[in-house]
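An overview of the molecular structure
Each chain, written out:
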Amino acid sequence: MEKRMVLPTALAVVVALTSLALLILRTLVPGAVLPRWDLPFQGALCLIALALDAPLGHPAKPDWLICGLTGVLGFGLLPLAAGLTTVAQAVPQGLAGGILFLVLTGLFLSLRDRLDAGVSKRLAPLAAAFVLFLACQALAKLF
Amino acid sequence: MKCRLIPVGVTLLSALVLFGASWGLVGTAQLRREERRAELMALLLPGGAPFTRERLEGPDENITAVYRGTGGFVVETVTEGYGGPITLLTGVEQSGRITGAVVWDMEETWGLGSRALTDPAFLAQAVGRRGELTVGEELDALTGATVTSKALARGLNSAWGYVTGADANTAATEWGG
């Protein structure tokens, strides 16, 4: 597989596994507090995919079109298929997720490249993901 | 070109698998939910089983279901918290004494509002009480989760109001009250 396809594939796998885990939890542990499928949550999933891509896909540049498409489809379709969201929520969540994934990818790569030197090299993806997750949480309430 | 379709293909395949799993688990989910609800109701109103669902009456829109048991009721309420709706089950004796309450469903902020579920101390304050409860008076709010605390208080008051016939929609449970 082309290295630049690792990132969108990682996102699809991360969102799919998360949806499956939530589906199973909701079935077997009714009443459990599950995270809301909102922007910070979507952001966290994007950042997990980006952190996973760092050792696997690095230093390939992402394919922006496929990243956007996978983001829209992944965040729109997968939670809907798992029964976690409704049809009415699927379209806005898909679009928001696709845009968020593109924005976070741009910011993550920019941050990571600047941290990617010396002893911090291995921690650069994790540090960039952590900073962006905090930013997502802080900004989520603006929308 | 084919390689570019891999992520889209993985997404669509995953969607199919998830749809199948979701469809296959519908029955189990329903069954587990009913079992869990029955367990909780037996805890909330000790000795109250068996429970029968009552037809909803009254103007209180917070109340979504009422189950009558021996000597009391378990009332399900939905009130708006910080992160979304909070579903609360409250056991109330016919005398109006609250026998227990538990959060059945909620979407609150992790670590703050979600402590309504993981920290039983807040709802334990209501047990044994009669009458309307106000955050800051009868109930100490969850630290950092005042909105959640007030939502829970509204649920408790609605349940108590349903059983006793009192009007629980007073300023004490309104925002900022």
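Our subject in this report is the structure included herewith. (Residues numbered from 1 in each chain as written. Chains lettered and ligands numbered in written order. Predicted model: local features only at pLDDT ≥ 70, side-chain atom pairs only at ≥ 80, totals over all residues. Heavy atoms only, no water.)

Structural notes on the pattern of salt bridges
All names here are of chain B. Summed over all chains, the structure comprises eight salt bridges over all chains. One salt bridge in this structure joins Arg32 and Glu35, with 3.2 Å as the shortest N-O distance. Here the residue Arg32 and the residue Glu35 both occupy positions in helix H1 (residues 6–44), the gap between them amounting to three residues, near one helical turn. Looking at Arg32, the relative accessible area reads 28%, which means it is partly exposed. (Salt bridge = Lys/Arg side-chain N within 4 Å of Asp/Glu carboxyl O. Helix = DSSP H or I, 4+ residues; strand = E, 2+ residues; numbered from the N terminus. Buried < 20%, exposed > 50% of the residue type's maximum accessible area, 1.4 Å probe, protein only.)

Some remarks on the interface of chain A and chain B
Frequently, the measure chosen for interface size is the accessible area removed from exposure when the parts meet. Each side of the interface is counted separately: chain A has 32 residues, and chain B has 28 residues. In this assembly, chain A packs against chain B so that about 2,600 Å² is buried in total across both faces, 73% of it on carbon and sulfur atoms. Among the residues chain A hides against chain B, the three largest losses belong to Thr27(A), Pro30(A) and Val33(A). Together they make up 23% of the total. The interface formed by chain A and chain B includes one salt bridge. A salt bridge links Arg4(B) to Asp63(A), with the nearest nitrogen and oxygen atoms 2.8 Å apart. (Contact = heavy atoms within 4.5 Å. Buried area = accessible area lost by both parts, 1.4 Å probe.)

Details of empty space enclosed by the protein
Any empty space left between atoms is shown by rolling a water-sized probe over those atoms. Residue and element names in this part refer to chain A. Throughout the structure, instances matching the rule amount to two cavities of 30 Å³ or more. Every residue lining the largest cavity is listed: Lys3, Arg4, Leu7, Asp53, Ala60, Lys61, Pro62 and Leu109. Classifying every residue of the lining of the largest cavity by side-chain character gives four nonpolar, no polar and four charged. (1 Å grid on protein atoms, 1.4 Å probe; cavity = no way out; pocket = protein on both sides within 12 Å on 5 of 7 lines; lining within 4 Å. Points joined across faces, edges and corners; volume = space filled by probe spheres on them. Nonpolar A, V, L, I, M, F, W, Y, C, P; charged D, E, K, R; others polar.)

Things to note about the environment of Leu18(B)
Within the secondary structure, Leu18(B) sits in helix H1. Along the primary structure Leu18(B) and Ala159(B) are separated by 141 residues, whereas in three dimensions their C-alpha atoms are 38 Å apart. Setting aside chain neighbours within four positions, we find Leu18(B) in contact with Ala16(A), Ser19(A), Leu20(A), Leu23(A), Leu78(A), Ala81(A) and Ala82(A).

A closer look at helix H5 (residues 124–140) of chain A
All names here are of chain A. Taking 1.5 Å per residue as the helical rise, H5 with its 17 residues ought to reach 24 Å, and the 24 Å between its terminal C-alpha atoms agrees with that figure. Where H5 is concerned, the buried positions are Ala124, Pro125, Ala128, Ala129, Leu132, Cys136 and Ala140. Mapping the buried residues of H5 onto a view down its axis gives an arc of 120°, with all of them on the same face. Facing away from the buried side of H5 by over 90 degrees, the exposed positions are Leu126, Phe130 and Ala138. (Expected span 1.5 Å × (residues − 1). Arc of directions from axis to C-beta.)

Let's talk about unusual backbone geometry
Omega for the peptide link from Ala49(B) to Pro50(B) comes to 5°, which places this bond in the cis form. Mapping Pro50(B) onto the fold places it in the loop between H1 and strand E1 (52–54).

Observations regarding the environment of Leu78(A)
Its location among the elements puts Leu78(A) in helix H3 (residues 64–81). Judged by relative accessible area, which is 0%, Leu78(A) ranks as buried.

Overview of the nonpolar core
Counting 32 residues, the largest nonpolar core has Leu104(A) and Phe108(A) as the members making the most contacts within it. Within the residue set of this core, elements represented by two or more residues are helix H1 (6–28), helix H2 (39–57), H3, helix H4 (87–115) and H5 of chain A together with H1 of chain B. Counting residues per element, this core draws most heavily on H1(A), which supplies eight residues. Excluding anything up to four places from it in sequence, Leu104(A) contacts Gly43(A), Cys46(A), Leu47(A), Leu50(A), Leu132(A) and Cys136(A). In this structure, Val33(A), Val66(B), Met106(B) and Leu152(B) belong to the second largest nonpolar core, which totals 26 residues. (Core = buried A, V, L, I, M, F, W, Y, C linked by side-chain atoms within 4.5 Å.)

A look at the packing of aromatic side chains
Taken as a whole, this structure holds two aromatic pairs over all chains when the rule is applied. An angle of 70° between the planes, with centres 5.0 Å apart, marks the rings of Trp37(A) and Phe41(A) as edge-to-face. Each member of the pair Trp37(A) and Phe41(A) is classed as buried. Between Phe73(B) and Tyr162(B), the ring centres sit 6.3 Å apart and the planes meet at 80°, which makes this aromatic pair edge-to-face. Of this pair, Phe73(B) sits in strand E3 (residues 72–80) while Tyr162(B) is found in helix H4 (residues 146–164), placing the two residues 89 residues apart along the sequence. (Phe/Tyr/Trp six-rings, centres within 6.5 Å; stacked < 30°, edge-to-face > 60°.)

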